[in-house]
Amino acid sequence: MTQLTIRAGSWDELQDDAKLIREQVFILEQQIAVEDEWDEQDAISQHFVIYDHTQPVATARLLQNNSVGRVAVLKSHRGLGMGKMLMLYIIEHAKQQQREWLKLSSQVHAMPFYASLGFKAEGDEYLDCGIPHRDMRLNF
Ligand code: COA
């Protein structure tokens, strides 16, 4: 049985747990280059991690410019509503910080996931790290 908790914190506080998930999902599964995965934004972003009991299973980050990124759920835990739970938490968190909108760069395959949360596509498709992406935005 799952027992979920969610934490918000700085990179210093959450990097060990966020790294476990991002390594698994982006570097191993999606073959993103290590040097593309880690950037200077991590140190100045807010991070979010969902735990199933004590196991980190999902993560995302919120940049200072209202951009949500690095949204990842471990393969073993997909399709169970964890991505949605994480995004709803971040949306609430952003509203409490008086942010008026969120944006993100969606991998094209994940667009229906973000659309189900109210994000709308903007602009043309483009390649980032060799993966097709499209910008999406949610106004509060
Ligand atoms: N295609 C279509 N719909 C999808 C979907 C997909 N690939 N993934 C999720 N959804 C829908 C679900 O059907 C559900 O709809 P509902 O609310 O109407 O029931 C909703 O989105 C929430 O699904 P959820 O179970 O919370 O999604 P998840 O926990 O599996 O997380 C991702 C979704 C995209 C975060 C997850 O698949 C993942 O980590 N993928 C690999 C990393 C990645 O590509 N991240 C996105 C980078 S932009």
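Residues numbered from 1 in each chain as written. Predicted model: local features only at pLDDT ≥ 70, side-chain atom pairs only at ≥ 80, totals over all residues. Heavy atoms only, no water.

Participant: Give a detailed account of the site of the ligand, specifying residues and quantitative values.
Facilitator: Around the ligand, a shell composed of 20 residues is seen, among which Val71, Val73, Gly81, Gly83 and Lys84 lie nearest. Backbone polar atom of Gly81 to an oxygen atom of the ligand: 2.8 Å apart, as the coordinates give it. The fraction of the free accessible surface of the ligand (910 Å²) that becomes covered by protein chains is 71%. Tallied by class, residues from the shell around the ligand come to nine nonpolar, nine polar and two charged. (Near = heavy atom within 4 Å. Polar contact = N/O pair within 3.5 Å; in protein donor to acceptor, adjacent residues only side chain to side chain. Areas by Shrake-Rupley, 256 points an atom, 1.4 Å probe, with all protein chains shown as cover. Nonpolar A, V, L, I, M, F, W, Y, C, P; charged D, E, K, R; others polar.)

Participant: Outline the packing of aromatic side chains, listing residues and values.
Facilitator: Counted by the stated rule, this structure contains four aromatic pairs. Ring geometry for Phe48 versus Tyr89: centroids 6.0 Å apart, planes at 70°, classification edge-to-face. On the criterion of sequence distance, the pair formed by Phe48 in strand β2 (residues 46-52) and Tyr89 in helix α3 (residues 82-96) is long-range, its members being 41 residues apart. In this structure Phe48 comes out as buried when scored by relative accessible area, which is 0%. One aromatic cluster in this structure is built from Phe113, Tyr114 and Phe119. Between the NZ or CZ atom of Lys95 and the centre of the ring of Phe140, over which it lies, the distance is 5.3 Å. Positioned over the ring face of Trp101 is Arg137, at 4.2 Å from the centre of the ring. (Phe/Tyr/Trp six-rings, centres within 6.5 Å; stacked < 30°, edge-to-face > 60°. Helix = DSSP H or I, 4+ residues; strand = E, 2+ residues; numbered from the N terminus. Buried < 20%, exposed > 50% of the residue type's maximum accessible area, 1.4 Å probe, protein only. Lys NZ or Arg CZ within 6 Å of the ring centre and 35° of its normal.)

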